[in-house]
Amino acid sequence: MYLPHHFQMESLEAQHALMAHCPFATLVTVSSAGIEANPLPFLLAPHQGKHGVLKGHIARANGLWKAQPGAAMALFHGPQAYITPNWYPAKREHGRVVPTWHYLSVQAHGTLRFIEDTDWLRSHVAELTDRFESDQTAPWSIDDAPAAYIDGMCRAIVGIEFHIERLAGKHKAAQHKDDATRQAVHEGLMTAGWDEGRAGWLSGQTGPGRNA
């Protein structure tokens, strides 16, 4: 992707933070069947390998695992927002401003391993469920369902391990602009309904893996 120096997200900590915060990715693969794009949630194991390992699953009926693709890419998209020039102090000063779009994105490049092992699949589904049920008042667990039913559901999926070989991160915000502009964008985003954390990311005042 096009990646100007001032928008590069170079820190592995920041890249991993965005991937963990926004785990629903698009898995892009190329095989003899052509180019495929499959949306799915991934869990990141940050300490496995040099850049980490992503773990997910697809339906067994999905032909991706039989196509055995070579190289793969997982696209993680963070917060994104339209930025109106009405927020810029420069609009009132000289008017030489235009709209833009602010966003955060990480591309993970690597190779895939497909897994049919029952124990791996059950462990993965349990971990995935625990991760996304954690903010529920009464979190659901796979142990709440009959074991035979969970076993049957696991037989209907195939696991994925995505071994990351390279990461490219982009944080396109106002971090290259002056403090007054960043603050104005932050205030505009807050007024538009964004929460403090995401407004900080999108204004460039903060970013994944770091505080204000």
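See the structure above.
Residues numbered from 1 in each chain as written. Predicted model: local features only at pLDDT ≥ 70, side-chain atom pairs only at ≥ 80, totals over all residues. Heavy atoms only, no water.

Q: How would you sum up the overall build of the protein? Please name residues and give values.
A: Scanning the protein from N- to C-terminus turns up 7 helices and 8 strands. By principal-axis analysis of the C-alpha atoms, the protein measures approximately 65 × 45 × 30 Å. Classification of the 212 residues of the protein by burial places 45% in the buried group. Expressed as a percentage of contacts within the protein between residues at least 6 apart in sequence, the contacts between residues at least 24 apart total 72%. In the form shown here, the protein has an accessible surface area of approximately 11400 Å², with 53% of it arising from carbon and sulfur atoms. In the protein, 18 positive and 21 negative side-chain charges are present, and the distance between their average locations comes to 9 Å. (Helix = DSSP H or I, 4+ residues; strand = E, 2+ residues; numbered from the N terminus. Buried < 20%, exposed > 50% of the residue type's maximum accessible area, 1.4 Å probe, protein only. Contact = heavy atoms within 4.5 Å. Areas by Shrake-Rupley, 256 points an atom, 1.4 Å probe, with all protein chains shown as cover. Lys, Arg positive; Asp, Glu negative; His and termini not counted. Charge placed at Lys NZ, Arg CZ, Asp CG, Glu CD.)

Q: So what's going on with the environment of Pro208? Residues and values would help.
A: Relative to the elements of secondary structure, Pro208 occurs in the segment after α7 (196–203). If we ignore the near neighbours within four places in the chain, the residues touching Pro208 are Met9, Ala14, Ala17, Leu18, Leu104, His171 and Trp201.

Q: Give me the pattern of salt bridges: which residues, what numbers.
A: For the structure on display, the rule yields 5 salt bridges. Notably, a salt bridge pairs Asp179 with Arg182, separated by 2.1 Å at the nearest N-O pair. Taken together, the residues Asp179 and Arg182, both in helix α6 (residues 179–191) and 3 residues apart, mark about one turn of the helix. A relative accessible area of 15% means that Arg182 is categorised as buried. Arg198 serves as the salt-bridge partner of Asp195, at 2.7 Å between the closest nitrogen and oxygen. Owing to a relative accessible area of 34%, Asp195 belongs among the partly exposed residues under this scheme. (Salt bridge = Lys/Arg side-chain N within 4 Å of Asp/Glu carboxyl O.)

Q: Talk me through the pairing of strand β7 (residues 100–115); I want residue IDs and the actual numbers.
A: Alignment of strand β6 (residues 71–83) against β7, held across 11 bridges, turns out to be antiparallel. Within β7, the residue paired with His77 across the bridge is Ser105. (Pairing = 2+ DSSP bridges.)

Q: Residues and numbers for the nonpolar core, please.
A: Grouped together as the largest cluster of nonpolar side chains are 34 residues, with contacts concentrated most on Leu27, Phe42, Leu54 and Phe162. The next biggest cluster of nonpolar side chains, apart from the first, holds 9 residues, and it includes Ile115, Leu121, Ile142 and Ala145. (Core = buried A, V, L, I, M, F, W, Y, C linked by side-chain atoms within 4.5 Å.)

Q: Hey, could you go over a negative patch on the surface for me, with residue numbers and the actual values?
A: Taken together, the side chains of Glu127, Asp130, Asp143 and Asp144 present a region of like negative charge at the surface. Tracing the backbone shows Glu127 in helix α4 (residues 118–133). (Patch = residues over 30% accessible without salt bridge, like charges linked within 9 Å, V, L, I, M, F, W, Y side chains within 5 Å.)

Q: Quick rundown of the environment of Ala156? Include the residues and the values.
A: Note on placement: Ala156 falls in the loop between α5 (147–155) and β8 (157–172). A residue is classified by how much of its surface remains accessible, and Ala156, at 38% relative accessible area, is partly exposed. For Ala156 and Glu116, which are 40 residues apart along the polypeptide, the C-alpha to C-alpha distance reads 9.8 Å. Setting aside anything within four residues of it in sequence, one finds Ala156 in contact with Ile58, Ala59 and Arg60.

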